[in-house]
Amino acid sequence: NAGVMQNPRHLVRRRGQEARLRCSPMKGHSHVYWYRQLPEEGLKFMVYLQKENIIDESGMPKERFSAEFPKEGPSILRIQQVVRGDSAAYFCASSPLEQEQYFGPGTRLTVT
Amino acid sequence: GQQVMQIPQYQHVQEGEDFTTYCNSSTTLSNIQWYKQRPGGHPVFLIQLVKSGEVKKQKRLTFQFGEAKKNSSLHITATQTTDVGTYFCAGPANSGYALNFGKGTSLLVTP
């Protein structure tokens, strides 16, 4: 049973470009969460999605950030017009119900 | 809003010594979860505590949930180099869905 998959593992973008981060939850999991981790910091919740629905996006910046979890395919976190402050590790987690969360390997985003 | 605080931020021990990290919430928690993240890795779920005063053990790791359900601790007996990493506690956010993570305690174990 494959775990949570994220790609790419590393992403380099210039300021002003778009970043697309993908997450495939564990089989059978219908809940997906995105977190951001800055160096030496804990994880900050960004958004919680179920299939085709955004349930809670209270942790996501209002501008430039969006997330989706379509009926088919992975969940996508999209960052438009990236800035240096967006450089971080972005982790996706999934759970079968609202229980313990299983994390993917993360995408390390570097904005130059 | 609800905050989860962890102390200490860093701990450096000799192999064989014990280690404890403490977690405190500003509000009562329905449950608390613990995760471990190895350097360069991703958080891995360790355990969830639900009941007031609950104590759970996993080999050399002992987890406690306070009577008031506002604090928790993780104690490692006789640390090994494989215990190196950052240990996070996390409680449900106000929305009930996401997790509020503490900033973690980074454990370094030298042989």
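Here is a short report on the structure shown in this document. Per chain, residues are indexed from 1 in the order of the written sequence. Working convention: letters from A go to chains and numbers from 1 go to ligands, in the order in which they are written. In keeping with the model being predicted, local features are shown solely for residues with a pLDDT of at least 70 and side-chain atom pairs are shown and tallied solely at 80 or more, while totals for entire chains, interfaces and linings include all residues. With hydrogens and water stripped out, all remaining heavy atoms of the structure feed into the side-chain values.

## Re the overall build of chain A
Argument step 1. For helices the rule is a DSSP run of H or I covering at least 4 residues; for strands it is a run of E covering at least 2, with both sets numbered from the N terminus onward. The helix and strand tally for chain A stands at zero helices and 11 strands.
Argument step 2. When the elements of chain A are put in sequence order from the N terminus, they spell out β-β-β-β-β-β-β-β-β-β-β.
Argument step 3. For 112 residues, the compact-globule estimate of 2.2 N^0.38 gives 13 Å, and chain A sits close to it at 13 Å.
Argument step 4. C-alpha extents for chain A along the principal axes are approximately 35 × 25 × 25 Å.
Argument step 5. When accessible area is computed with a 1.4 Å probe and restricted to protein chains, residues below 20% of their type maximum are described as buried, those above 50% as exposed, and intermediate ones as partly exposed. With 112 residues in all, chain A has 44% of them scored as buried.
Argument step 6. Within chain A, contacts between residues separated by at least 24 positions form 52% of all contacts whose residues are at least 6 apart in sequence.
Argument step 7. For chain A, the exposed area adds up to about 5,800 Å²; of that, 46% sits on carbon and sulfur atoms. Computation of the radius of gyration draws on C-alpha atoms alone. For the globule rule, the value is 2.2 Å times the number of residues to the power 0.38. Every residue pair with non-hydrogen atoms within 4.5 Å of one another is taken to be in contact. For accessible areas, the Shrake-Rupley method is used with a probe of radius 1.4 Å. Any residue's cover is judged against the shown protein chains and nothing else.

## Brief notes about the sheet that holds strand β1 (residues 4-7) of chain B
Residues and elements named next belong to chain B.
Argument step 1. The strand order across the open sheet built from five strands is β1-β3-β8-β7-β6, with neighbouring strands paired in antiparallel fashion. Single-partner strands in this sheet number two, and they are β1 and β6 (55-58). Taking the axes of each pair of neighbouring strands and ignoring which way they run, one obtains an average angle of 15° across the sheet.
Argument step 2. We call two strands paired when DSSP finds no fewer than two bridges between them. Where β6 meets strand β7 (residues 61-65), four bridges bridge the pair, whose relative direction is antiparallel. In the strand pairing of β7, Lys57 is matched with Thr62. Axis definition: a line fitted to C-alpha atoms, over the contacting stretch in the case of helices. Angles run 0 to 180 degrees between N-to-C directions.

## Thoughts on the state of the cysteines
All names here are of chain A.
Argument step 1. Criterion for a disulfide: a pair of cysteine sulfur atoms within 2.5 Å. Counted by the stated rule, this structure contains two disulfides over all chains.
Argument step 2. Between the sulfur of Cys23 and that of Cys92 lies a disulfide, 1.8 Å long from S to S. Taking the torsion about the S-S bond as the criterion, the Cys23 to Cys92 disulfide, at about -50°, is left-handed. Of this pair, Cys23 sits in strand β3 (residues 19-24) while Cys92 sits in strand β9 (residues 88-95); the two residues are 69 residues apart in sequence, bridging distant segments of the chain. The pair Cys23 / Cys92 is uniform in exposure class, with both members buried.

## Notes on the environment of Arg78 of chain A
Residues and elements named next belong to chain A.
Argument step 1. Mapping Arg78 onto the fold places it in strand β8 (residues 75-79).
Argument step 2. Exposure remark for Arg78: the relative accessible area of 26% places this residue in the partly exposed category.
Argument step 3. Separated by 33 residues in sequence, Arg78 and Phe45 place their C-alpha atoms 15 Å apart.
Argument step 4. Residues in contact with Arg78, not counting those within four places in the same chain, are Glu18, Ala19, Arg20, Arg64, Phe65 and Ser66.

## Points about the interface of chain A and chain B
Argument step 1. On the chain B side, the residues contacting the 20 residues of chain A number 18 residues.
Argument step 2. Buried area is a sum: the accessible area each of two parts loses on coming together, probed at 1.4 Å, counted once for each and added. Summed over both partners, the interface of chain A with chain B buries about 1,600 Å², with 56% contributed by carbon and sulfur atoms.
Argument step 3. The three residues of chain A that bury the most area against chain B are Leu43, Glu100 and Phe103 of chain A, which together make up 28% of that side's buried surface.
Argument step 4. Salt bridges are identified by distance alone: a Lys or Arg side-chain nitrogen within 4 Å of an Asp or Glu carboxyl oxygen. Counting across the interface, chain A meets chain B through zero salt bridges.
Argument step 5. As used in this structure description, the phrase polar contact means that two N or O atoms lie within 3.5 Å; if the pair is within protein, one of them must be able to donate a hydrogen and the other to accept it, and residues adjacent in sequence are counted only when both atoms belong to side chains. At the boundary of chain A and chain B, one finds five residue pairs in polar contact (both at pLDDT 80 or more).
Argument step 6. Breaking the side of chain A that touches chain B down by element, the ones donating at least two residues are β4 (31-37), β5 (43-50) and β6 (53-56) of chain A.
Argument step 7. Grouping the constituent residues of the side of chain A that touches chain B by class yields nine nonpolar, five polar and six charged. Gly falls in the polar group here, along with every residue not listed as nonpolar (Ala, Val, Leu, Ile, Met, Phe, Trp, Tyr, Cys, Pro) or charged (Asp, Glu, Lys, Arg).

## Comments concerning the sheet that holds β8 of chain A
Residues and elements named next belong to chain A.
Argument step 1. Sheet architecture is open: four strands sit in the order β1-β3-β8-β7, paired in antiparallel fashion. In the strand order of this sheet, the two ends are held by β1 (5-7) and β7 (65-68), each with one partner. With direction set aside, neighbouring strand axes in the sheet form an average angle of 15°.
Argument step 2. For β1 and β3, the ladder comprises three bridges, and the chain directions are antiparallel. For Asn7, the partnering residue across the bridge sits in β3 and is Arg22.

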